[in-house]
Amino acid sequence: MRRKIAVFAALMACAVGWGGVASAQQAVDTEKELEKYRQMMSDPMSNPGFLAVDRGEQLWSLKRGTKNVSLETCDLGIGPGKLEGAFAKLPRYFADADKVMDLEQRLAFCMDKIQGLDLADIKKRRFGKPGQTSDMEDLVAFIANKSSGFKIEPQLTHAKEKEAAAVGEALFYRRGDVLDFSCSTCHGEEGKRIRLQGLPDLSKPGKDAQATMGSWPTYRVSQGQLRTFQHRLWDCYRQQRAPEPGYLSDGLTAITVFLMKQAAGGELQVPSIKR
Amino acid sequence: MKKIAFALGLALIVTTPALAQDKGIDAATLEKYTKAMWPKTPEGWESRIAYDDTMKICSETRNQPSDADFAKIKAREAATVKFPADGNVMGDYKSGLKIANNGRGGTFTDKPMTNGANCYACHQLDLQEVSYGTLGPSLHLYGKNRGFKPEEAKAAYAKIYNSMGTAPCTNMPRFGYHGFLTEQQMKDLTAMLFDPNSPVNK
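Residues numbered from 1 in each chain as written. Chains lettered and ligands numbered in written order. Predicted model: local features only at pLDDT ≥ 70, side-chain atom pairs only at ≥ 80, totals over all residues. Heavy atoms only, no water.

A. Seen up close, the domain arrangement of chain B. All names here are of chain B. When the domains of chain B are assigned, the result is domain 1 (2–78) and domain 2 (93–201). Contact residues are listed per partner, giving 14 residues for domain 1 and 13 residues for domain 2. With both chains or domains summed, domain 1 and domain 2 bury close to 1,100 Å², and 60% of this area falls on carbon and sulfur atoms. Scanning the region where domain 1 abuts domain 2 turns up 2 salt bridges. Between domain 1 and domain 2 we count 4 residue pairs in polar contact (both at pLDDT 80 or more) in total. For the side of domain 1 that touches domain 2, the secondary structure elements donating two or more residues are helix H4 (53–60) and helix H5 (67–78). For the side of domain 1 that touches domain 2, the element with the highest residue contribution is H5, accounting for 5 residues. (Domains from an automatic or database assignment. Contact = heavy atoms within 4.5 Å. Buried area = accessible area lost by both parts, 1.4 Å probe. Salt bridge = Lys/Arg side-chain N within 4 Å of Asp/Glu carboxyl O. Polar contact = N/O pair within 3.5 Å; in protein donor to acceptor, adjacent residues only side chain to side chain. Helix = DSSP H or I, 4+ residues; strand = E, 2+ residues; numbered from the N terminus.)

This is the structure we're talking about:
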């Protein structure tokens, strides 16, 4: 396994080693190479994202925090400790917290209430980097993988779930900051691209939204890290030139609810692999 | 000031219920969420956080303002444009080409720097640059197609400075209005579009 990953990493480094002024041919070649590797990823042993899945599995059953217990009694919406298919129904309303939560908000809630874990440390390490793993990214990789093959089932029956979807939709169209951008500036029309990068149209339900939401969390080759959708939105706002959005804030969850609504029925294949 | 904005928000809901409520959410609820997403303004960003009346209307109408709002926005935004003191909007097209190809600067992970305009993210310009986006129209032959007329160059400078003064609720940023680009940069970009020697016009 280790050798496969090393070979893969070397090839990917070549594939993504082009800068902003790549030729169209290079870009096409890169895309072809990536497609080959995406197909190879049907063998889970060759997607480095599965290293995060393995670490997440350890973290799920690790006793720690002031209460020295594991997360195994955490209820992700389908019963304490139940993991199969839970991610396909997130975000959703949780009565014990009286709010709509995505997986990371829910895990933070369980870490705090069940384990008595230091959330400051968890939040500080929210995004992994060389020499530092992220418990959140690892746990999300593990738990989301337990829903791989499941269909996205947005939860929209509770009043607060409906509110989150409506707020998420409004945020999707909310323009602001120094470049006047919103999510919809880039993701509001079919068949558009930035430079040579194709942009999914997330303004309407269907295949683009399904393919997008069905592929998070993902292993980001260019960053060498497993990334969650919290990170994806963090990076979207970064590129919009907005200020840094608060990690685990309800607005990010609301956008996720809206996008999962657009992606209803799409199949999760996670962790995926992306440029 | 905040109170005034809030009151305006409420007035908008009352006077135009079809806008916000058809989309299922009121302005006050949305404000509650955005306040929680960005609880405090980062240092040095005080002048950058802009959700002004124009963006409010563009957001709530999904860039389809009413005819009345369209006219109001156009007049208001056009009035913000500051032309160079000597009236010359033409800079150096070669510098403009570099600025158009530079997408760096302005993110919360960047140190303060001279920002790039990143025109190629959305527009085709010089045909030699094949890595261009399609969110905006092709600007190839932009100056040539306008006869290289000085008044057209001035209009292009104004559009770069504040796009909404020409096309309310366009996707294009208001580069000068927000101070994202300098006067010299905007002059260089105008020259890139209007200099007959610029590859954009070849």
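Okay, back to it.
B. Inspection of the sheet that holds strand S7 (residues 272–274) of chain A at higher detail. Residue and element names in this part refer to chain A. Taken in spatial order, the 3 strands of this open sheet run S6-S5-S7, and their pairing is mixed. Edge strands, defined here as strands with exactly one partner in the open sheet, are strand S6 (225–227) and S7. Each strand of the sheet is rotated relative to its neighbour by a mean of 35°, with strand direction disregarded. Relative to S6, strand S5 (residues 218–220) runs antiparallel, the two sharing 3 bridges. Bridge pairing in S6 places Thr218 opposite Arg227. (Pairing = 2+ DSSP bridges. Axes fitted to C-alpha atoms, helices over the stretch in contact; angles between N-to-C directions.)

C. Up close: the interface of chain A and chain B. Counting residues at the interface gives 44 residues for chain A, matched by 51 residues for chain B. Here chain A packs against chain B, burying approximately 4,100 Å² in sum over the two surfaces, 59% of which is carbon and sulfur. Its largest share of buried area at the contact with chain B, chain A owes to Arg175, Arg195 and Arg241 of chain A, together 20% of the area lost on that side. Run the count over chain A and chain B and you get 2 salt bridges. Here Arg174 of chain B ties to Asp180 of chain A by a salt bridge, and the two come within 2.7 Å at their closest N and O atoms. Taken together, chain A and chain B are joined by 19 residue pairs in polar contact (both at pLDDT 80 or more). Of all elements in the fold, only helix H7 (159–172), helix H8 (183–187), strand S3 (193–194), helix H10 (229–239) and helix H11 (250–262) of chain A reach the threshold of two or more residues within the side of chain A that touches chain B. When residues of the side of chain A that touches chain B are assigned to their parent elements, the largest contribution, 6 residues, is made by H7 of chain A.

D. How the structure looks around the nonpolar core. Ranked by size, the top nonpolar core spans 73 residues in total, and within it Trp60 and Leu107 of chain A carry the most contacts. Beyond its immediate sequence surroundings of up to four residues, Trp60 of chain A is in contact with Ser70, Leu71, Glu72, Cys74, Leu76, Gly81, Leu83, Leu107, Leu139, Phe142 and Ile143 of chain A. Counting 32 residues, the second largest nonpolar core, distinct from the first, contains Ala100, Leu125, Tyr142 and Leu189 of chain B. (Core = buried A, V, L, I, M, F, W, Y, C linked by side-chain atoms within 4.5 Å. Buried < 20%, exposed > 50% of the residue type's maximum accessible area, 1.4 Å probe, protein only.)

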